[in-house]
Amino acid sequence: MAVPDSDELAPGIHRVETVSDADDKLHGYHVLDGATGPILVDPGYADAPIEVYEPFLETRGESLSDVGLAVVTHADADHFGGNHQLREHSPGVTLACHEADRRWAESVETILDERYRGFEDDHGLTYDGEVYDWLTGMMGPDEPIDLGLRGGETIRVGDRTLDVLHAPGHTPGHCMLWDGTHDVLLGGDGFFARGLRDVNGTYLQPPPYHLYPAYENTVQLVGALDPDVLSFTHYETLRGDEVDEFVDESLDFVAEMETLALEIVEERGPVTLEAAIDAVVDRRGSFGLDLDLAFPLSAHYDDLADRGVLERTEKDGRVAWQPAE
């Protein structure tokens, strides 16, 4: 099997890259040199342990059976889907995940119902069968999480420790790993600038955050850390000024969504989530999987309603929002 591209971001921190055949999306996973063996940051999609990690480990005289710890940055199919395959090859591995994402990372049916089908009942929005097949194909059989994280834990790598940072927004329990000695941040899917693109530059999806202002707070946290190196899963490694630009672009998108969400309601009266998505695409163009605009738009609408700027109502049997009286 071909050895994936790799890069040592700092002593003991390795980025291992692959590109998905399904959608040409970049996946940059990470291997840490732990005190007792390699540590994986995200087991990845269902077959990533064998397809991505094993060839890299073999170049170092190691194998999956040597992995003692895997940290799941968050519950999404291409981050925890490889848990089962990893445990098949390393039965003693400890799988760690933030408590807020634990239920999703442990159960395919739960994450399908609560995250990937989360807009069906109230909003009548659902992915088509092809998207569901793509999602379920990235997730192996259910596997329990052994260690629940809350943020604030440390992981020894070489002569220093990496800090586990709770960085919610994309998911409730999203985590990042911070190497303060070398100013390197492993960001998972912490934030997304103006959206995800494939390796050819074609839009795949808009920023899928569904907690606001938590997402904005996470972006600001990274801005305050000011890392020299920022390694997200689906972007090329960012360095120096590229980090600042990515942070600024992410904050700009959040501000734009907040403004658009409010304008659409003020102009059109009661607005359903589906109508709001259509209005954003009309004004800003397609982001690829436009249905994923449901995540940021609902995040802003829920926050605006919680603050009394908007109020929840119903239109055509669906949840809608209108200006507060």
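Details of the structure are given in the entry above.
What comes next is a walk through the structure. Since the structure is predicted, the reported quantities are computational estimates derived from the model, not experimental observations.

Each packed pair of helices is defined by two parameters, the angle between the axes and the distance between the axes. One way to put it is that helix H8 (residues 214–225) packs onto helix H9 (residues 241–268) with a least axis distance of 10 Å and a crossing angle of 160 degrees. Looking at the two axes, H8 sits roughly antiparallel to H9. As H8 runs across H9, the sense of the crossing is left-handed. Only Val-247, Ser-250, Leu-251 and Val-254 of H9 make contact with H8, whose side of the interface consists of Tyr-215, Glu-216, Val-219, Gln-220, Val-222 and Gly-223. For the contact of H8 with H9, the per-class residue count stands at six nonpolar, three polar and one charged.

Take the pattern of salt bridges next. Evaluated as defined, the whole model comprises 21 salt bridges. Arg-87 is the salt-bridge partner of Asp-146, the closest N and O atoms lying 2.2 Å from each other. One end of the pair, Asp-146, is in the loop between helix H7 (129–137) and strand S7 (147–149); the other, Arg-87, is in helix H3 (residues 83–89), with 59 residues separating them in the sequence. Asp-146 gets classed as partly exposed once you look at its relative accessible area, which sits at 40%. Through salt bridges that share partners, Asp-33, Arg-60 and Glu-62 make up one connected network.

Note the cis peptide between Tyr-212 and Pro-213, where omega equals 15 degrees. Here Pro-213 shows up in the loop between strand S13 (203–205) and H8. In this structure, Asp-183 is a non-glycine residue whose phi angle is positive, near 55 degrees. For Asp-183, the position within the fold is in the loop between strand S10 (175–179) and strand S11 (184–188). A residue is classified by how much of its surface remains accessible, and Asp-183, at 25% relative accessible area, is partly exposed.

Here we take up the sheet that holds strand S1 (residues 5–10). Spatially, S1-S2-S3-S4-S5-S6-S7 is the arrangement adopted by the seven strands of the open sheet, whose pairing is mixed. Here the strands that pair on one side only, and so sit at the sheet edges, are S1 and S7. Ignoring which end each strand starts from, the neighbouring axes of this sheet average 25 degrees apart. With four bridges connecting them, strand S3 (residues 26–33) and strand S4 (residues 38–41) associate as antiparallel partners. Residue pairing for S4: Leu-32 is matched across the bridge by Ile-39. Its contacts with the sheet place helix H1 (residues 48–58) against S1, strand S2 (13–19), S3 and S4, and it is angled at close to 50 degrees to S3.

Here we come to the packing of helix H10 (residues 273–284) against helix H11 (residues 294–306). Between H10 and H11, whose axes approach to 10 Å, the crossing angle comes to 115 degrees. Considering the relative orientation of H10 and H11, their crossing is right-handed. Together, Leu-273, Ala-276, Ile-277 and Val-280 of H10 and Ala-294, Leu-297, Ser-298 and Tyr-301 of H11 make up the contact between the two elements. Considering only residue class, the contact of H10 with H11 consists of seven nonpolar, one polar and no charged.

Per the stated rule, a full pass over the model turns up 13 aromatic pairs. Both rings, one in Tyr-29 and one in Tyr-53, keep their centres 5.9 Å apart while their planes meet at 35 degrees; by these two values the pair is tilted. Taken together, the positions of Tyr-29 in strand S3 and Tyr-53 in helix H1 put the pair 24 residues apart, joining distant regions of the chain. Of the two residues, Tyr-29 and Tyr-53, neither departs from the other in class, the shared state being buried. Among the aromatic residues, those joined into a ring-pair cluster are Phe-191, Phe-232, Tyr-235 and Phe-246. Against the face of Tyr-132 rests Arg-117, its NZ or CZ located 5.5 Å from the ring centre. The positively charged end of Arg-197 is found above the aromatic ring belonging to Tyr-203, 3.8 Å away from the centroid.

A word on the nonpolar core. Within the largest apolar cluster, 82 residues are counted, with the highest numbers of intra-cluster contacts made by Tyr-116, Phe-191, Leu-297 and Tyr-301. Here the element with the most residues in this core is H9; it accounts for 10 residues. In this structure Tyr-301 touches Ala-261, Ile-264, Val-265, Ala-276, Leu-310 and Trp-321, once residues within four positions along its chain are discounted. Among the nonpolar cores identified, the runner-up in size contains 19 residues, and Leu-9, Ile-39, Leu-149 and Leu-177 belong to it.

For a regular strand, side chains alternate in direction, first toward one face of the sheet and then toward the other. Side chains of strand S8 (residues 154–157) alternate between two faces, with Ile-155 and Val-157 buried and Thr-154 and Arg-156 left unburied. Bridge count between S8 and strand S9 (residues 160–166): four bridges; the pairing is antiparallel. Looking across to S9, one finds that Val-157 is bridged to Arg-160. Linkage of S8 to S9, two consecutive antiparallel strands, is achieved through a turn of two residues, within which Gly-158 is found at a positive phi near 65 degrees.

Rules used throughout
- Residues numbered from 1 in each chain as written.
- Predicted model: local features only at pLDDT ≥ 70, side-chain atom pairs only at ≥ 80, totals over all residues.
- Heavy atoms only, no water.
- Axes fitted to C-alpha atoms, helices over the stretch in contact; angles between N-to-C directions.
- Helix = DSSP H or I, 4+ residues; strand = E, 2+ residues; numbered from the N terminus.
- Parallel < 35°, antiparallel > 145°, perpendicular 65-115°, else oblique.
- Left-handed = near helix turned anticlockwise from the far one by under 90°.
- Contact = heavy atoms within 4.5 Å.
- Nonpolar A, V, L, I, M, F, W, Y, C, P; charged D, E, K, R; others polar.
- Salt bridge = Lys/Arg side-chain N within 4 Å of Asp/Glu carboxyl O.
- Buried < 20%, exposed > 50% of the residue type's maximum accessible area, 1.4 Å probe, protein only.
- Pairing = 2+ DSSP bridges.
- Phe/Tyr/Trp six-rings, centres within 6.5 Å; stacked < 30°, edge-to-face > 60°.
- Lys NZ or Arg CZ within 6 Å of the ring centre and 35° of its normal.
- Core = buried A, V, L, I, M, F, W, Y, C linked by side-chain atoms within 4.5 Å.

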